[in-house]
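Coordinates in review
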Amino acid sequence: MKVLANDGLAKSGIKALEEAAFEVDLTTVAQEKLVDYLNSNEISVLLVRSATKVRKDIIDNCPSLKIIGRGGVGMDNIDVEYAREKGIKVINTPAASSHSVAELVFAHLFSMVRFLHESNRNMPLHGDSKFKQLKKSYAKGIELRGKTLGLIGIGRIGQATAKIALGLGMKVVAFDPFIDAVNLEIEFFDHQAVFFNINTISKEEVLEQADFISLHVPAQKEYVLSEQEFGMMKDGACIVNAARGGVIDETALVNALESGKISKAALDVFENEPTPKIQLLMNPNLSLTPHIGAATGEAQNRIGTELAQQIIEILN
Ligand SMILES: NC(=O)c1ccc[n+]([C@@H]2O[C@H](COP(=O)([O-])OP(=O)(O)OC[C@H]3O[C@@H](n4cnc5c(N)ncnc54)[C@H](O)[C@@H]3O)[C@@H](O)[C@H]2O)c1
């Protein structure tokens, strides 16, 4: 049976599938050519990340397709219910990348509180001629320890983020309309562990209390943070969005950064991917990454292995 991994697949997944006698095709087929390609190659399993869209045209016109697999969490690029109605299995790997995304959140937070996002832009240009001025500009850093991290959404990635924050000595507050409390197990390298309980509070309370706010919600119909929510935050609050483009109102964010209400923000995801707005790209108070939350070797290996296990279980 043939598997097309249209947005790539880690070696761990390829190896496991080939050992189970699947043929893995790593061609990246253009969206408009996918239906023809799937049919002419009799593909049984289509694996995607976020780039390839799997809509009704593919689901209706590719009779050989038995499984659609998403390497990652959000399945907004797949018509999941429709596919399932048509008897196609839809699988994903919801937990595989949580820790990688949480670490990226902290890469941005550490970066912002010490101005690394700006310093890395300016040192190559002016590090030799304006060293002292740059030193002065970036001299008012702060520590994360002792500050309050507000989480909007405390599912898998929210919890992984909370664990890192607690380990650093931050206070963690969280809002999640579907979760009242979480009991976190924070594991250390030698298998010692401590347990920590967080009771969720209202969104307003989180916005009012947090020095740093990180979003960990699924794609939504409405903005989770817009002008009204920015207004409730502490002056100079700092925001991270490594969830989904469209959960933060980017226009309101730029306004809040310009007014100084929000001091800095970090974005890994954008409303207009893959062409984010120029006002975001050029803003010196934004720390930016191109949707790389799950892009670590470890996460991709876990994704590959988990997808292969599920495919083998369903089809063998
Ligand atoms: N940056 C990346 O590369 C990357 C990688 C993986 C996942 N993600 C994204 O991260 C997000 C979170 O993933 P997860 O695995 O933690 O999902 P999850 O389903 O485990 O957790 C999401 C939580 O959000 C809560 N929630 C829903 N609507 C909410 C709202 N309006 N306000 C507050 N909470 C709300 C849910 O109750 C749930 O507990 C998803 O959007 C996912 O697509 C991004």
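Data block above holds the structure.
Source: prediction; values computed, not measured.

Criteria and thresholds
- Residues numbered from 1 in each chain as written.
- Predicted model: local features only at pLDDT ≥ 70, side-chain atom pairs only at ≥ 80, totals over all residues.
- Heavy atoms only, no water.
- Pairing = 2+ DSSP bridges.
- Helix = DSSP H or I, 4+ residues; strand = E, 2+ residues; numbered from the N terminus.
- Axes fitted to C-alpha atoms, helices over the stretch in contact; angles between N-to-C directions.
- Salt bridge = Lys/Arg side-chain N within 4 Å of Asp/Glu carboxyl O.
- Buried < 20%, exposed > 50% of the residue type's maximum accessible area, 1.4 Å probe, protein only.
- Near = heavy atom within 4 Å.
- Polar contact = N/O pair within 3.5 Å; in protein donor to acceptor, adjacent residues only side chain to side chain.
- Nonpolar A, V, L, I, M, F, W, Y, C, P; charged D, E, K, R; others polar.
- Contact = heavy atoms within 4.5 Å.

1. Overview of the sheet that holds strand E2 (residues 23-25)
Taking strand neighbours across the sheet as the criterion, the five strands line up as E2-E1-E3-E4-E5 in an open arrangement whose pairing is parallel. Across the chains shown, the open sheet's two edge strands, defined by having one partner strand only, are E2 and strand E5 (89-92). Each adjacent strand pair in this sheet contributes to an overall mean axis angle of 20°, direction not counted.

2. Describing the pattern of salt bridges
Close approach of charged atoms allows side chains of opposite charge to pair. On inspection of all chains with the given rule, the structure shows eight salt bridges. Put simply, Lys 15 and Glu 19 hold a salt bridge, and the shortest N to O gap is 3.5 Å. A residue pair is termed a helical-turn pair when its members lie 3 or 4 positions apart in one helix, as Lys 15 and Glu 19 do in helix H1 (residues 11-19) at four residues. Exposure class is identical for Lys 15 and Glu 19. Each is exposed. Each of Glu 250, Glu 271 and Lys 277 takes part in a single network of salt bridges with overlapping partners.

3. Notes on unusual backbone geometry
At the junction of Glu 273 and Pro 274, the peptide bond is cis and its omega measures out at 10° in the coordinates. Along the chain, Pro 274 falls in the loop between strand E12 (262-267) and helix H12 (278-281). In this structure, Glu 42 is a non-glycine residue whose phi angle is positive, near 50°. Within the secondary structure, Glu 42 is located in the loop between helix H2 (34-40) and strand E3 (43-48). At His 291, a position not held by glycine, the phi torsion is positive, near 50°. By secondary structure assignment, the location of His 291 is in the loop between strand E13 (286-288) and helix H13 (297-315).

4. Examining the site of the ligand
Among the 26 residues in the neighbourhood of the ligand, the closest are listed as Arg 156, Ile 157, Asp 176, Val 217 and Asp 268. Take Asp 176: an N or O atom from its side chain is 2.6 Å from an oxygen atom of the ligand. Contact between the ligand and Gly 293: an oxygen atom at 3.2 Å from a main-chain N or O atom of the residue. Classifying every residue of the shell around the ligand by side-chain character gives 14 nonpolar, eight polar and four charged.

5. Brief notes about the environment of Asp 211
Topologically, Asp 211 is positioned in the loop between helix H9 (203-209) and strand E10 (212-215). It is 41 Å that separates the C-alpha atoms of Asp 211 and Ala 5, two residues lying 206 residues apart in sequence. When near neighbours in sequence (up to four residues on either side) are disregarded, Asp 211 contacts Lys 147, Thr 148, Lys 234, Ala 237 and Cys 238. A polar contact is formed between the side chain of Asp 211 and the backbone nitrogen of Thr 148, at a distance of 2.7 Å.

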